[in-house]
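Summary of the model geometry
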Amino acid sequence: MRKVTFFITIAMALTATIAEPKKEARALIEDIIIGMLECARGMLKEGVPEVGFPSLNNLTIEQANFILSDFSSDFEGFIDVEDFVFAGLTDYETRSVGGSIGLIPPSYTADIQLNFPNPILYTKYDTIFKSEVDELDFFGTGVVQMNAYNFLTRIRARITILQGIALDYFEFWPTLQGLNSFKITGVNHDEEYSAYVSDYIFWDGTFLVADLSYRINEIVSKIFLDMAADGSLFEEGGFINHLFTYCT
């Protein structure tokens, strides 16, 4: 029912654009999005096994292997993780929700800010990582531990409603207020160098996230656009479909 209401509201807002006040329709859409974000917290805690989406409540991965070129053509190498735990992903705060309505083609552009007050990461890792563009070249086997505060994300996305629902673009821009702690071992198999890297990231984490925000945006955007392209986002049985079902 909310799914129908959401898209009927957009349609009403589009016709209202021809006249004058669409402020009320836009406010209604924003209220629905805020409600969906709050409701989504429960679904994210449970996960969606039907589409292979894990619970994000203390996200736990026993073992996973990633080829880095799958995330960016500028990356070479791999990263394997084991005993991966990421806590705090479902504790987000909705800082702001805004958007704009497009008439041709019919569309809605959302602008959402979410804050994660205290994300905590622990994982064992094994990697070879190279990127000439980013001037990165390292390897290692060890442990990463991170305790951060106020990881703020700005999400911008446009949905077009024309012969179905399409995701035109998706942006994910992160900022970090700071780190409570950070430690990495095994960098280049040199513990003295690892201690130096740990201190550097701890003190300059805010600036590093700012410098790498375009990379983070590139990776996260690709994940969501690929999901939209292969049907696992909007299609029958997809993530968004499960979200609307869960929240009605």
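Residues numbered from 1 in each chain as written. Predicted model: local features only at pLDDT ≥ 70, side-chain atom pairs only at ≥ 80, totals over all residues. Heavy atoms only, no water.

1. Regarding the overall build of the protein
The helix and strand tally for the protein stands at 5 helices and 7 strands. When its helices and strands are written in sequence order, the protein yields α-α-β-β-β-β-β-β-β-α-α-α. The buried share of the protein, reckoned over its 248 residues, is 38%. Long-range pairs, those at least 24 residues apart, make up 64% of the contacts in the protein between residues at least 6 apart in sequence. (Helix = DSSP H or I, 4+ residues; strand = E, 2+ residues; numbered from the N terminus. Buried < 20%, exposed > 50% of the residue type's maximum accessible area, 1.4 Å probe, protein only. Contact = heavy atoms within 4.5 Å.)

2. Quick word on the pattern of salt bridges
The full count for this structure, using the stated rule, is 11 salt bridges. The partner of aspartate 74 in a salt bridge is arginine 215, with the nearest N and O atoms 2.8 Å apart. Of this pair, aspartate 74 sits in the loop between strand 1 (59–67) and strand 2 (76–87) while arginine 215 is found in helix 4 (residues 213–230), placing the two residues 141 residues apart along the sequence. Aspartate 74 gets classed as partly exposed once you look at its relative accessible area, which sits at 28%. (Salt bridge = Lys/Arg side-chain N within 4 Å of Asp/Glu carboxyl O.)

3. Let's talk about the environment of asparagine 150
Of note, asparagine 150 is situated in strand 6 (residues 136–161). Every residue in contact with asparagine 150, bar those within four places of it in the chain, is listed here: Arg95, Asn115, Phe116, Pro117, Thr175, Leu176 and Gln177. A distance of 2.5 Å separates a polar atom in the side chain of asparagine 150 from a polar atom in the side chain of glutamine 177. (Polar contact = N/O pair within 3.5 Å; in protein donor to acceptor, adjacent residues only side chain to side chain.)

4. Quick look at unusual backbone geometry
Phi is positive for asparagine 150, which is not a glycine, with a value near 55°. Since its relative accessible area comes to 22%, asparagine 150 is described here as partly exposed. Positive phi values are uncommon outside glycine, yet histidine 189 reaches one of about 55°. Tracing the backbone through its elements, the reader meets histidine 189 in the loop between strand 7 (165–184) and helix 3 (191–211).

Everything listed is a geometric property; what it means functionally is a separate question.
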